[in-house]
Amino acid sequence: MNNTGLIDELEGRVHAALETYCNVHRGSGQFSIVTTHLYEKARDIILEYLGLDRGKYVVIFGSPLYTKSLSAELEPGSFIIVSSKDFSLPLGVSSIAVYKRKLPKGVPFYTGGGTTTIFSPDWIIWANSPDRFEAGTPAIINVIAFAIALQLIKQNGNEIFLIQPEEQLSVTEILYRDKLEKFTGPELFEELKLTFTGRGVSVPTAEGIRPYINLDNSASTPTFEPVWKSVSQTLRQPLNVQKEIIEEVRSICAGAFGAPINDYDIIFTSNTTEAINLVAENLGLESNPEQEPVVVTTLLEHSSNDLPWRFKTSELKRLSIDNEGFVKKDELEGLLSSYNQKNLFGKKRIKIVAISGASNVLGSINNLEEISNIVHSYGAHLLVDAAQLAGHRKTEMLKWGIDYLAFSAHKVYAPFGTGVLIVRKGLLNFKTEDLKQIKSSGEENTAGIAALGKALVILQRIGFDLIVEKEKALISRTLLGMSQINGLTVYGVSDSASAGFNRKAGVIAFTLKGFMSDKVAKELSIRRGIGIRNGCHCAHILVKHILGVKPSLERFQKIIARLFPRIKFPGVARVSFGLETTIEDVDTLIDVLGKIAGKANPISHKETEKQIKDYVSACAKRVYS
């Protein structure tokens, strides 16, 4: 097989992984189980390639920047680094195989999603390795692609991906041209659904083989064929075209988020978590002996917008929320006045207010323009964690006065390992050389950057007004159906007649009386192939708040978590919608939830679980054969 044929082979197997893509870990659906298996299998493939014993070594995936920082904390000779750049693959994957006994103790270099087992406002129980060292959603598909590439390299040599493109394409062709370019608005919305990579994929269930229903879009969104095509084309382009792609996607991001290039720097990272960790690190570089930095977050925050601030500031304050999940703006103003105007706390000054654009649990979207006006009137800066906002609502950074914004491409239909930090010019304190390394790290993933650019172009062609309209219809129908199920409780906005309904994204958290959240998720998956997520969703403080977990019980949880690490704590089930979600999907969800609540037709899951296990194995063979 020639080199072009080997790239075709690589792309074919990656596409097979995309067809059953979902976020890894803690997901109940068949797709999440498959993707988790493929991702974890990638670690074994890398150890095999390096000739290392899996009993003694563990593989940790991260950005080039993170891997360099982690390796600086390790003893020489205790690790080996292998990256996609070593083989001229623009995937931005860096893997470090570490001798297990030499892993560093204490607080991980980056903190956030996935690095903890459980946490509270005052304490943290860190996860075991490798999760402890992989903050945020990893570049799952890129990692799988890299593992496939190493299999092919082992068989065919190190230089198999060093090829001249058969046809050099322009940036315009890669980012703006596709078979759907003649469509916009509603027509594009409908045509795009037909190109969803998981469309028509069926899975084993207790009711037989059924089409998979993905209601786990808040964890990660799937992709569409035009986005995948941009990735495929980018893999085959020379460096000069790849550099042009990076600059063009910067311009696309600037337009998509109302952040003019003259006013904002746009930095590519590995994910939202890395972006926020960089801002926290940047805060720690401020040198003003007359002031001690304080950060304000909220009860709504994902751990990626909570944990990093704990170790980079003198104090962390959290705003409370109302029953529907919206921040109390009068409380924010009171805090800012006390610290920054009245100077009631000595040298302490609130420097940053860091708030989620949309809650990943409740879906509540706070009024960022109003919050920004309050924040700036007291001399502080506003950071928005837009991971859950970017794919659901239009954002205007300059108009609303947002200073920092972070989001991940895998939440906007481009699950290829890219994150973005958009920051107002003049706010970064990094040394020139350090900032250069930060930028070059993210830019190694040109394929992921191209995917992001293409996805944002498509979203803008559809129009956010239409996306919001379609999403509201799904939310309204789901809330109505859930209101008719005995024992089901919805958290946050639970009625389409509520004043907060217009500021709710397509995320619904709920519990079902008599069932732990993981049991609800498993029943939905096994009965009908519906994939959702359950647990605390990396928002432990919020979930314990809405469930009414008292401080005494929280302290008891800490003891239990240390004694029995595998124990499951109460959480909430979560359904979340994407562009491919249909009214029929919602109706199926409500029907199955009703059956679960009524304990109708008890089902033995043994045979179905065996079929799912076989299905996972079959999917893995397609990808890693």
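Refer to the structure above for everything that follows.
On a predicted model such as this, the values are computed, not experimentally measured, just so you know.

The rules we used
- Residues numbered from 1 in each chain as written.
- Predicted model: local features only at pLDDT ≥ 70, side-chain atom pairs only at ≥ 80, totals over all residues.
- Heavy atoms only, no water.
- Helix = DSSP H or I, 4+ residues; strand = E, 2+ residues; numbered from the N terminus.
- Contact = heavy atoms within 4.5 Å.
- Pairing = 2+ DSSP bridges.
- Axes fitted to C-alpha atoms, helices over the stretch in contact; angles between N-to-C directions.
- Parallel < 35°, antiparallel > 145°, perpendicular 65-115°, else oblique.
- Nonpolar A, V, L, I, M, F, W, Y, C, P; charged D, E, K, R; others polar.
- Buried < 20%, exposed > 50% of the residue type's maximum accessible area, 1.4 Å probe, protein only.
- Polar contact = N/O pair within 3.5 Å; in protein donor to acceptor, adjacent residues only side chain to side chain.
- Patch = residues over 30% accessible without salt bridge, like charges linked within 9 Å, V, L, I, M, F, W, Y side chains within 5 Å.
- Areas by Shrake-Rupley, 256 points an atom, 1.4 Å probe, with all protein chains shown as cover.
- Salt bridge = Lys/Arg side-chain N within 4 Å of Asp/Glu carboxyl O.

**Things to note about the environment of Ile 590**
Here Ile 590 is to be found in helix H20 (residues 583–597). The sequence separation of Ile 590 and Thr 489 amounts to 101 residues, and the corresponding C-alpha distance is 13 Å. If sequence neighbours within four positions are ignored, Ile 590 has contacts with Thr 478, Gly 481, Met 482 and Ile 485.

**Considering the sheet that holds strand E12 (residues 348–356)**
Pairing within the open sheet is mixed, and its 7 strands lie in the order E9-E15-E14-E13-E12-E10-E11. Where the open sheet ends on each side, the last strands, each with one partner, are strand E9 (264–269) and strand E11 (315–319). Strand-to-strand twist in this sheet, taken as the mean axis angle between neighbours without regard to direction, amounts to 20°. Strands strand E10 (292–298), E11 and E12 of the sheet are contacted by helix H11 (residues 329–341), whose axis makes an angle of about 155° with E12. On the sheet, helix H12 (residues 368–377) packs against E12 and strand E13 (381–385) and is oriented at approximately 150° with respect to E13.

**Some thoughts on the packing of helix H1 (residues 3–18) against helix H21 (residues 606–624)**
Between H1 and H21, the least distance of the axes is 8 Å, while the angle of their chain directions is 155°. Classed by the angle they form, the pair H1 and H21 counts as roughly antiparallel. Facing H1, whose interface residues are Arg 13, Ala 16 and Ala 17, H21 presents Arg 622, Val 623 and Tyr 624. For the contact of H1 with H21, the residue count by class is 4 nonpolar, no polar and 2 charged.

**Notes on the sheet that holds strand E19 (residues 533–535)**
Strand order across the open sheet formed by 4 strands is E16-E17-E20-E19, with antiparallel pairing between neighbours. Pairing within the sheet leaves two strands with one partner each, and these edge strands are strand E16 (488–491) and E19. Ignoring which end each strand starts from, the neighbouring axes of this sheet average 30° apart. The pairing of strand E17 (residues 507–512) with strand E20 (residues 572–576) spans 4 bridges and is antiparallel. Along E20, the bridge assignment pairs Val 507 with Ser 576. Strands E17, E19 and E20 of the sheet are contacted by helix H17 (residues 517–528), whose axis makes an angle of about 160° with E19. H20 contacts E16, E17 and E20 of the sheet and is inclined by roughly 15° relative to E17.

**Let's talk about the side chain of His 392**
With respect to the element layout, His 392 can be found in the loop between E13 and helix H13 (397–400). For His 392, a relative accessible area of 10% corresponds to the buried category. At a separation of 2.4 Å, a polar atom in the side chain of His 392 contacts the side chain of Glu 471. With near-sequence residues (within four places) excluded, His 392 lies in contact with Phe 464, Ile 467, Val 468, Glu 471, Ala 505, Gly 506 and Phe 577.

**Comments concerning a nonpolar patch on the surface**
Side chains of Ile 559, Leu 563, Phe 564 and Ile 567 sit close together on the surface and give an oily, nonpolar patch of about 400 Å² of accessible area. Here Phe 564 lies in the loop between helix H19 (551–563) and E20. Assessed through its relative accessible area of 48%, Phe 564 is described here as partly exposed.

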